[in-house]
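Next come the chains, spelled out residue by residue.
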Amino acid sequence: MKIVSVVGARPNFVKIAPLLREMRCQSWIMPMLVHTGQHYDQAMSAQFFRDLEIEPPEVNLGVGSASHAAQTAEVMRRLEPVLETTRPDLMLVVGDVNSTLAAALTAAKLGVPVAHVEAGLRSFDRRMPEEINRLLTDAIADLLFVTEESGQENLLREGVAPQKIHCVGNVMIDALELFRPRWAQSAIFDVLKLSPERPYAVVTLHRPSNVDDPGMLSGFMAAFGALAAHLPVIFPVHPRVSSRLRGGEGGQGTRPTGDRTITFLDPMSYLDFIALLSRARLVLTDSGGVQEETTALGVPCLTLRDTTERPATVTYGTNRVIGSDPDRVAPEALRTLADPPAPRGRPPLWDGQAARRIVSVLRQRGVDVTGAEHVRRDLVWVGAGTR
Ligand code: UD1
């Protein structure tokens, strides 16, 4: 089975790492990796490939940054000839970034079946670009791999046929477990002069709704500053935000300046970032992946958004969605520090085995295809020798 996987942005790299590793162990799978180039900085891309032990992609489409329409269209335009030449049996996409949707759409229009890993998540907020990407990708996917119960419920409610949906767990947690021995050795604590006795908080912020409006961003910065009076706050800054901070309150670059200020860092490597999260007293974020990683690590997390598409991190995990009013951040953070949530365990199947389950479904479906009841367009692809 020739499987083309397409990745473009940081969280994609984390999700594809355990999958590629698993696929490469299977003699019946011929995997091929395409990088769209949506993220291209060394710190946003190459460093992740190194940390996650991903071999260089067979193809890099080099699309770079652009408006949503231009970026999505450019991925499609450049990916189409690659798929026409390669003629894969399956397109595998992960997550919810523009590259995910663009790749799924290109494949579907060429009649290549699509598998979506991390299907079914819904924030029910269509102002988020990721929500549009999730809805559309799931609508055209043939196989939908789900990380949590809400994903399955959402897909069934939207009318997706139950036999297309597979609850497999979370490949992001696979990566966290796979690389635990390496991130546990990270030197980041020495670099930042953090001792185990000294509590600290980690902040990440990059959603357009939180950072594009200067008033919102400066409100958040004031809130993080207020929190920094109580414990060191470490803030790895996404490039989207650094340009907005430059000349404002922050400024890019590492500035460890003691307990009463925020330490701004360049985007961190995967291993250092997970290590930093693992010992944090508190994490404040608007990222989807960080909500999941803090749940797996049992670290208290406050989500600076009005919704989450990952409710299992709240019902099972340590996450609390506190909204995006900057004035609420410091009081909620101090309350959580004083009375941290007790970890209640991980969501079902977040055990580091999701990639194995996905590959096993692919294998099973390949065998199933000979069964008469399965003569459907979305199944014909996997049968060896059926083309
Ligand atoms: C994208 C995803 C988001 C994901 C995030 C992870 C979409 C719609 N959004 O958001 O879901 O949570 O990645 O990081 O796909 N930039 C650089 N260097 C890079 C990449 C980006 O400087 O290597 C800057 C550019 O100014 C660019 C901006 O960051 O315009 C935004 O990049 P983009 O990929 O469009 O969206 P993200 O905010 O990274």
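The structure presented is a predicted model; accordingly, all values stated were derived computationally and were not measured. (Residues numbered from 1 in each chain as written. Predicted model: local features only at pLDDT ≥ 70, side-chain atom pairs only at ≥ 80, totals over all residues. Heavy atoms only, no water.)

1. Quick look at the overall build of the protein
Counting its regular elements, the protein contains 18 helices and 13 strands. In terms of overall dimensions, the protein is globule-like: its C-alpha atoms have a radius of gyration of 21 Å, near the 21 Å expected for 387 residues. Taken over the C-alpha atoms alone, the protein extends approximately 65 × 40 × 40 Å along its principal axes. Out of the 387 residues in the protein, the part that is buried amounts to 57%. Within the protein, counting contacts between residues at least 6 apart in sequence, those at least 24 apart form 68% of the total. Total accessible area computed for the protein in this model is approximately 15,500 Å², and 53% of it derives from carbon and sulfur atoms. Computed over 42 positive and 44 negative side-chain charges, the inter-centroid distance for the protein is 1 Å. (Helix = DSSP H or I, 4+ residues; strand = E, 2+ residues; numbered from the N terminus. Rg over C-alpha atoms; globule rule 2.2 N^0.38 Å. Buried < 20%, exposed > 50% of the residue type's maximum accessible area, 1.4 Å probe, protein only. Contact = heavy atoms within 4.5 Å. Areas by Shrake-Rupley, 256 points an atom, 1.4 Å probe, with all protein chains shown as cover. Lys, Arg positive; Asp, Glu negative; His and termini not counted. Charge placed at Lys NZ, Arg CZ, Asp CG, Glu CD.)

2. Describing the site of the ligand
Residues in contact with the ligand amount to 19 residues; listed here are only the nearest, His39, Asn98, Glu130, His206 and His238. In this structure, glutamate 130 approaches the ligand through a side-chain N or O atom, which is 2.5 Å from an oxygen atom. When the free accessible area of the ligand is taken as 740 Å², the share hidden by the protein chains comes to 84%. Contributions of two or more residues to the shell around the ligand are made by helix 1 (10–24), helix 3 (68–86), helix 5 (129–140) and helix 12 (239–245). When the residues that make up the shell around the ligand are grouped by side-chain class, the tally is seven nonpolar, eight polar and four charged. (Near = heavy atom within 4 Å. Polar contact = N/O pair within 3.5 Å; in protein donor to acceptor, adjacent residues only side chain to side chain. Nonpolar A, V, L, I, M, F, W, Y, C, P; charged D, E, K, R; others polar.)

3. A word on unusual backbone geometry
Not every positive phi belongs to a glycine, and phenylalanine 124 is a case in point at roughly 60°. Note that phenylalanine 124 resides in the loop between strand 5 (114–119) and helix 5. Look at phenylalanine 124 and you get exposed, because its relative accessible area is 58%. With a phi angle near 70°, leucine 349 is a residue other than glycine that sits in the positive phi range. Mapped onto the elements of the fold, leucine 349 is located in the loop between helix 16 (326–338) and helix 17 (354–368).

4. Quick look at the nonpolar core
In terms of nonpolar packing, the biggest core is built from 60 residues, with Ile16, Leu19, Leu52, Ile54, Phe145 and Tyr270 touching the most fellow members. The two domains that each donate at least three residues to this core are domain 1 (2–169 + 353–382) and domain 2 (188–338). Beyond its immediate stretch of four places on either side in the chain, tyrosine 270 contacts Val14, Phe48, Asp51, Leu52, Met172, Ala175, Leu176, Phe179 and Glu293. (Core = buried A, V, L, I, M, F, W, Y, C linked by side-chain atoms within 4.5 Å. Domains from an automatic or database assignment.)

5. Here we look at the sheet that holds strand 5
Across the sheet, which stays open at both edges, the seven strands sit in the order 3-2-1-4-5-6-7 with parallel pairing between neighbours. At either margin of the open sheet sits one strand with a lone partner, and together these are strand 3 (59–60) and strand 7 (165–167). As defined by bridge partners, strand 6 (residues 143–146) adjoins strand 7 across three bridges and the pair is classed as parallel. When the bridges of strand 7 are listed, leucine 144 appears paired with isoleucine 165. Of the strands in this sheet, strand 4 (90–94), strand 5 and strand 6 touch helix 5, which is tilted by about 140° from strand 5. (Pairing = 2+ DSSP bridges. Axes fitted to C-alpha atoms, helices over the stretch in contact; angles between N-to-C directions.)

6. Examining helix 3
Residues lying three or four places apart along an α-helix face the same way, a consequence of the helix completing one turn every 3.6 residues. Spanning 19 residues, helix 3 covers 27 Å between terminal C-alpha atoms, matching the ideal 27 Å at 1.5 Å per step. Taking the largest bend as the criterion, helix 3 deviates by roughly 30°, centred on leucine 79, and proline proline 81 comes between one and four positions later. Among the residues of helix 3, Gln71, Thr72, Val75, Leu79, Val82, Leu83 and Thr86 are the ones counted as buried. Buried residues belonging to helix 3 abut strand 1 (2–7), strand 2 (30–35), strand 3, strand 4 and helix 4 (98–109). The first or second residue beyond helix 3 is arginine 87, which carries a positive phi of 45°. (Expected span 1.5 Å × (residues − 1). Bend = angle between axes of the 7 residues up to and from the residue.)

7. Some details on the domain arrangement of the protein
Per the domain assignment, the segments making up the protein are domain 1 (2–169 + 353–382) and domain 2 (188–338). Here the C-alpha centroids of domain 1 and domain 2 sit 29 Å apart. Between domain 1 and domain 2, the residue contacts involve 22 residues of the former and 17 residues of the latter. When domain 1 packs against domain 2, close to 1,600 Å² is buried across both sides, 55% of that on carbon and sulfur atoms. Seen at the junction of domain 1 and domain 2, the total is three salt bridges. Two residues, arginine 310 and glutamate 118, come together in a salt bridge whose shortest N-O distance is 3.2 Å. Here domain 1 and domain 2 share seven residue pairs in polar contact (both at pLDDT 80 or more) between them. The set of elements that each furnish at least two residues to the side of domain 1 that touches domain 2 consists of helix 1, helix 2 (46–51), helix 5 and helix 6 (149–157). Here the side of domain 1 that touches domain 2 is built from residues that sort into seven nonpolar, four polar and 11 charged. (Buried area = accessible area lost by both parts, 1.4 Å probe. Salt bridge = Lys/Arg side-chain N within 4 Å of Asp/Glu carboxyl O.)

8. Examining the environment of aspartate 306
Note that aspartate 306 resides in the loop between strand 12 (301–303) and helix 15 (312–315). Residue aspartate 306 is classed as exposed on the basis of its relative accessible area of 55%. Distance from aspartate 306 to aspartate 325, taken between C-alpha atoms, is 8.9 Å for residues 19 residues apart in sequence. Aspartate 306 has contacts with Val321, Gly323 and Ser324, leaving out every residue within four places of it along the chain. A polar atom in the side chain of aspartate 306 sits 3.2 Å from the backbone nitrogen of serine 324.

9. A word on the environment of leucine 304
For leucine 304, the location among the structural elements is in the loop between strand 12 and helix 15. Accessibility expressed as a relative area gives 0% for leucine 304, which makes it buried. Placed 77 residues apart in sequence, leucine 304 and leucine 227 show a C-alpha to C-alpha distance of 14 Å. Aside from chain neighbours lying at most four places away, what touches leucine 304 is Leu205, Asn210, Phe220, Phe224, Leu284, Thr285, Asp286, Ile322, Gly323, Ser324 and Val329.

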